[in-house]
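Here is how the chains run, residue by residue.
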Amino acid sequence: MPHLSIAQEAMPHNAPHITHAPHTSATATFTVAAADYAMRGLESLASRWWWALFLPIAAMLAAAAFDWRWGIVALAALFLIIPTLLMFVWLSLTTCRQAVSDIYPHCVTTSANGDITILYNPLQQTQPADATDCETSAANAVPAAVFVPAPVNIPVQKISGIATWRRFIALQAATADGDTTILIPVSAFACDADAAAFYHKLSDSTQASPA
C-alpha cells in the first residue's frame, strides 16, 4: 500500500474537532463534488484503457504512410470521436448513484474491525431573499418528503483498495451498485494525524481481512 503523504501538506486551522469512541473513528460531515468523483473515475479509466483509444489512431497514422486518407480519419478520431466519447463518460460518472449521493452532507465511520458506515443527511433548504409569496404559499402547502440516501454499510472484506488522491482518501469497495469509489476529503478530519490514522487503520484491516 502507498504511504500516506498528506501529512506533508498544511491542514486548515479551522478544521472541526472530532470526537472518537474507543477503537472507532469518524469524520466530520462533508460533501464531495460530482466533478471530483468524475475526475477520479476518468483518471482510473485512462490509466487502464488508454491503449484502447490511441492504438487504433497509431495504426491509422501508420496506414496514412500508404494512403493519406487514413490520416484524415485519424485526425477525425482524435479531435471528434474521442472527445465525444469522453464527454459521455464524464456525464455518466457525474450522474451515477455514488456521485449524486456524495453531494448530500454525509460522514464516514469505521468500526473496530474496519467496517465502514456512510451516513447521509438531507440537503439544506435555502429560502429566497424575498420570501413573502413563498411563505404565503408554503403555509397552505402539504410538506413533501425529503429524500436522503440510505446509509451504506461496507464490511472490511469488501474493501479492495485504499489510496491517496489529491486531497482525498480514495477507497475502492464492492457495494450493491458494484465496484464503487468512495472519496473522503482530508479536510473532514481534525488534522493530518487523524487522516493518517484512518488511512493506516483501513489499510491494515484490509490486508488482515480474509479474501
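What comes next is a walk through the structure.

About the cut-offs
- Sequence order sets the numbering: in each chain, residues are counted from 1 along the sequence as written.
- pLDDT decides what is reported in this predicted model: residues at 70 or higher carry local features, side-chain atom pairs at 80 or more are listed and counted, and totals for whole chains, interfaces and linings draw on all residues regardless.
- Calculation of side-chain values draws on the structure's entire complement of heavy atoms; hydrogens and water are dropped beforehand.
- In this analysis, axes come from line fits to C-alpha atoms, helices being fitted only over the stretch in contact, and the angle between any two N-to-C directions falls in the range 0 to 180 degrees.
- In this description a helix means any DSSP run of H or I spanning at least four residues, a strand means any run of E spanning at least two, and both kinds are numbered starting from the N terminus.
- Any angle that is under 35 degrees is reported as roughly parallel, and any over 145 degrees as roughly antiparallel; angles of 65 to 115 degrees are reported as roughly perpendicular and all others as oblique.
- Take the far helix as your reference; a near helix turned counterclockwise from it by less than a right angle gives a left-handed crossing, and one turned clockwise gives a right-handed crossing.
- Three classes are used, and their members are as follows: Ala, Val, Leu, Ile, Met, Phe, Trp, Tyr, Cys and Pro are nonpolar, Asp, Glu, Lys and Arg are charged, and the others, Gly among them, are polar.
- For the purposes of this section, nonpolar cores are sets of buried Ala, Val, Leu, Ile, Met, Phe, Trp, Tyr and Cys residues that join through side-chain atoms within 4.5 Å.
- Remark: exposure states derive from per-residue accessible area (1.4 Å probe, protein chains only) relative to the maximum for the residue type, with buried under 20%, exposed over 50%, and partly exposed in between.
- Contacts were defined at the residue level, with two residues in contact if any of their heavy atoms lie within 4.5 Å.
- The criterion for strand pairing is that DSSP finds at least two bridges linking the strands in question.
- Any Phe, Tyr or Trp ring, taking Trp's six-membered ring, that has another such ring centre within 6.5 Å forms a pair; planes under 30 degrees apart are called stacked, those over 60 apart edge-to-face, and the others tilted.
- Put simply, a salt bridge is a Lys or Arg side-chain nitrogen that is within 4 Å of an Asp or Glu carboxyl oxygen.
- Between the first and last residue of a helix there are one fewer steps than residues, each counted as 1.5 Å, and that sum is the expected span.
- We define the bend at each residue as the angle formed by axes fitted to the 7 residues ending at it and the 7 residues starting at it.

## A closer look at the packing of helix H1 (residues 34-63) against helix H2 (residues 69-94)
Thought 1: In contact at an axis separation of 10 Å, H1 and H2 are set at 160° when each is read in the N-to-C sense. Considered as vectors, H1 and H2 are oriented roughly antiparallel to each other. H1 and H2 meet at a crossing whose hand is right-handed.
Thought 2: Residue composition of the contact of H1 with H2, by class: 23 nonpolar, three polar and no charged.

## A few points about the nonpolar core
Thought 1: Val108, Ile116, Ile169, Leu171, Ile184, Phe198 and Leu202 are the most contacted members of the largest nonpolar core, which totals 26 residues.
Thought 2: Those elements that place two or more of their residues in this core are strand S3 (116-120), strand S5 (159-165), strand S6 (168-175), strand S7 (178-185) and helix H5 (192-208).
Thought 3: Per-element tally for this core: the top contributor is S6, with five residues.
Thought 4: Discounting chain neighbours no more than four positions away, the residues touching isoleucine 116 are Val108, Thr109, Thr110, Val152, Asn153, Ile154, Ile159, Leu171 and Leu202.
Thought 5: In this structure, Ile57, Met60, Ala74 and Ile82 belong to the second largest nonpolar core, which totals five residues.

## Comments concerning unusual backbone geometry
Thought 1: Here the phi dihedral of arginine 166 falls at roughly 55°; this positive angle occurs in a residue that is not glycine.
Thought 2: Inspection of the secondary structure puts arginine 166 in the loop between S5 and S6.
Thought 3: Arginine 166 gets classed as partly exposed once you look at its relative accessible area, which sits at 49%.

## With respect to the sheet that holds S5
Thought 1: Spatial strand order, S5-S6-S7: three strands in an open sheet with antiparallel pairing. With one partner strand each, in any of the chains shown, S5 and S7 form the two edges of the open sheet. Across the sheet, the axes of successive neighbouring strands diverge by a mean angle of 20°, strand direction being ignored.
Thought 2: Pairing of S6 with S7, which is carried by eight bridges, proceeds in the antiparallel orientation. Across the sheet, alanine 173 pairs through a bridge with threonine 180, a residue of S7.

## Quick word on the packing of aromatic side chains
Thought 1: Throughout the structure, instances matching the rule amount to four aromatic pairs.
Thought 2: For the ring pair tyrosine 104 and phenylalanine 147, a centre distance of 5.9 Å and an interplane angle of 70° mean the geometry is edge-to-face. With a gap of 43 residues between them, tyrosine 104 in the loop between helix H3 (97-102) and strand S2 (106-110) and phenylalanine 147 in the loop between helix H4 (132-139) and strand S4 (152-154) connect regions that are remote in the sequence.
Thought 3: On the basis of relative accessibility, which here comes to 56%, the residue phenylalanine 147 falls in the exposed class.

## Some remarks on the sheet that holds strand S1 (residues 25-26)
Where strands meet in a sheet, backbone hydrogen bonds hold them as pairs that are either parallel or antiparallel.
Thought 1: With antiparallel pairing, four strands are arranged side by side in an open sheet as S1-S2-S3-S4. With one partner strand each, in any of the chains shown, S1 and S4 form the two edges of the open sheet.

## With respect to the pairing of S2
Thought 1: Of all the five residues making up S2, four are buried; the element is thus mostly covered by neighbouring parts of the structure.
Thought 2: Examined bridge by bridge, S1 and S2 share two bridges and lie antiparallel to one another. Across the sheet, residue serine 25 finds its bridge partner in S2, namely threonine 110.
Thought 3: For S2 and S3, the ladder comprises five bridges, and the chain directions are antiparallel. Each residue of the ladder has a partner; that of threonine 110, found in S3, is isoleucine 116.
Thought 4: Joining the antiparallel neighbours S2 and S3 is a turn of five residues, in which glycine 114 adopts a positive phi near 100°.

## Regarding the pattern of salt bridges
Opposite charge on two side chains lets them pair, provided their charged atoms get close.
Thought 1: Applying the stated rule across the entire model yields two salt bridges.
Thought 2: With a shortest N-O distance of 3.2 Å, glutamate 43 and arginine 166 are connected by a salt bridge. Here the residue glutamate 43 occupies a position in helix H1, and arginine 166 occupies one in the loop between S5 and S6, the gap between them amounting to 123 residues.

## Topic: H1
Thought 1: In a regular helix each residue adds 1.5 Å, so 30 residues correspond to 44 Å; H1 covers 40 Å between its end C-alpha atoms and thus fits that length.
Thought 2: Most pronounced at tryptophan 49, the bend in H1 amounts to some 65°.
Thought 3: Buried within H1 we find Ala34, Tyr37, Ala38, Arg40, Gly41, Leu42, Ile57 and Met60.
Thought 4: Buried positions along H1 lie against H2, H3, S5, S6 and S7.

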